[in-house]
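# An overview of the molecular structure
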Amino acid sequence: MKTIGITANQSKSKSVQVAERLVHLLEERGAEVLVDNALAMRLERPDLGLELERFTERVQLVFVLGGDGTLLGVARRFAAAGLPILGFNLGQLGFLSEAEPDDLSMTVDRVLNEDYTIEQRLMLEAEVLRGNEVVETGIALNDIGISKGSFGRMIQCTAYMDGMFLGTYSGDGLIVSTPTGSTAYSLSCGGPIVYPGIQVLLLTPICPHTLTSRPMVLPAEAVLEIHVSAVHREMAITIDGQIGYCLREGDVVRVKRSRTPAHLIKWQDRSFFEVVRKKLQGESVDSRVGGK
């Protein structure tokens with residue numbers, strides 16, 4: 001029987017209630033449960049508490065209660081350990097989540113019966129070079145964004161792939177995304193939806209001040225170097241839209257495939273395209289022919 005770890009974004013109104021129900025269902029079925037210390041206090045179950053940093057020592061998979069942002073943060077934390085993650089959607093879109101609060105009993109049964117598949121999702125590794133020194137690093141499941149600050153001024157990004165010149169983009173910046181991240185920031189900037197099983201990198205300009213700049217799909221093993229320039233000092237790099245670092249004139253952002261992928265638990269009977277139709281097009285199950 002697996003040991004299940006549970007962590008939750010407690011700012012979500014249902015998080016404690018859902019966690020309490022999950023603990024009950026898992027224990028009822030004889031599974032061992034551990035929860036992060038903060039959640040254990042809210043549940044009044046200190047016997048189940050464990051530091052999140054020690055989940056890799058004790059649990060075989062992790063339930064993540066929250067929205068897509070919560071799952072992104074947990075994925076970055078546990079990618080190196082290869083811990084499988086199952087997202088429970090307590091947010092608005094829940095594109096990365098596989099489970100819903102209304103189906104907790106079914107979800108627990110499927111997990112304990114190993115009725116799921118584990119998808120290895122490509123992640124990105126980014127470095128900020130200032131001169132010859134690496135001053136910042138990070139990994140991302142969705143994307144690395146390079147953008148201007150709050151002022152209505154452009155920045156210039158000159159991009160190279162494996163030393164080959166790709167182009168110079170003047171505008172609000174550039175996004176380097178994974179296939180997983182193709183349905184996030186890149187999509188809102190006109191980038192294509194990329195099937196997550198394809199191993200590629202996606203380069204998408206943000207509001208380019210030209211009629212000819214278009215997104216590019218590039219090899220997964222490519223190393224991208226983006227030189228940033230601006231007449232002002234309002235430039236930054238963001239990792240999954242959650243972690244940010246200031247950039248300076250002349251900085252180089254190097255992005256490549258991370259050595260460690262994220263491991264996401266998915267149902268075998270639910271396709272990526274079904275999720276796209278439901279989450280991004282608002283299609284209900286009954287709207288399809290025959291309700292299938």
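This is a predicted model, so every value here is computed, not measured.

A sheet is described by the order of its strands in space; here seven strands give the open sequence β3-β2-β1-β4-β5-β19-β6, paired in mixed fashion. Across the chains shown, the open sheet's two edge strands, defined by having one partner strand only, are β3 (49–50) and β6 (117–121). The pairing of strand β1 (residues 3–8) with strand β2 (residues 32–36) spans four bridges and is classified as parallel. Residue Ile4 lies in a different strand from β2, and its bridge partner there is Val33. In the packing of helix α1 (residues 15–28) onto the sheet, contacts are made with β1, β2, β4 (61–66) and β5 (84–89), and the angle to β4 comes to roughly 150°. Strands β1, β4 and β5 of the sheet are contacted by helix α5 (residues 104–112), whose axis makes an angle of about 170° with β5.

UniProt tags Asp68 as "active site" (unreviewed entry). With respect to the helices, strands and loops of the structure, Asp68 is situated in helix α4 (residues 68–78). Leaving out residues up to four positions away in the same chain, Asp68 has contacts with Leu93, Gly94, Phe95, Leu96 and Ser97.

Take Ser15: it is sitting in helix α1. Setting aside residues up to four positions removed in sequence, Ser15 forms contacts with Ala8, Asn9, Gln10, Leu65 and Leu90.

Residues Leu93, Ile193 and Leu280 make up a contiguous nonpolar surface patch of roughly 220 Å² in combined accessible area. Topologically, Ile193 is positioned in the loop between α6 (185–188) and β13 (200–206).

For the largest pocket, the calculated volume is near 300 Å³. If you trace the largest pocket, you find 21 residues lining it, with Glu119, Arg121, Pro196, Lys266 and Phe272 closest to the centre. Of all the secondary-structure elements, those providing two or more residues to the lining of the largest pocket are β6 and α7 (272–280). The greatest single-element share of the lining of the largest pocket, amounting to four residues, is contributed by β6. Taken together, the residues that form the lining of the largest pocket break down as nine nonpolar, seven polar and five charged. Quantified by volume, the second largest pocket comes out at close to 250 Å³. Lining the second largest pocket are 13 residues, and of these Glu98, Asp103, Met106, Trp267 and Arg270 sit closest to its centre. Breaking the lining of the second largest pocket down by element, the ones donating at least two residues are α5 and α7. The element best represented in the lining of the second largest pocket is α5, accounting for three residues.

Reading the values: the criteria
- Residues numbered from 1 in each chain as written.
- Predicted model: local features only at pLDDT ≥ 70, side-chain atom pairs only at ≥ 80, totals over all residues.
- Heavy atoms only, no water.
- Pairing = 2+ DSSP bridges.
- Helix = DSSP H or I, 4+ residues; strand = E, 2+ residues; numbered from the N terminus.
- Contact = heavy atoms within 4.5 Å.
- Axes fitted to C-alpha atoms, helices over the stretch in contact; angles between N-to-C directions.
- UniProt positions renumbered as here; feature names shortened; annotations may be inferred.
- Patch = residues over 30% accessible without salt bridge, like charges linked within 9 Å, V, L, I, M, F, W, Y side chains within 5 Å.
- Areas by Shrake-Rupley, 256 points an atom, 1.4 Å probe, with all protein chains shown as cover.
- Salt bridge = Lys/Arg side-chain N within 4 Å of Asp/Glu carboxyl O.
- 1 Å grid on protein atoms, 1.4 Å probe; cavity = no way out; pocket = protein on both sides within 12 Å on 5 of 7 lines; lining within 4 Å.
- Points joined across faces, edges and corners; volume = space filled by probe spheres on them.
- Nonpolar A, V, L, I, M, F, W, Y, C, P; charged D, E, K, R; others polar.

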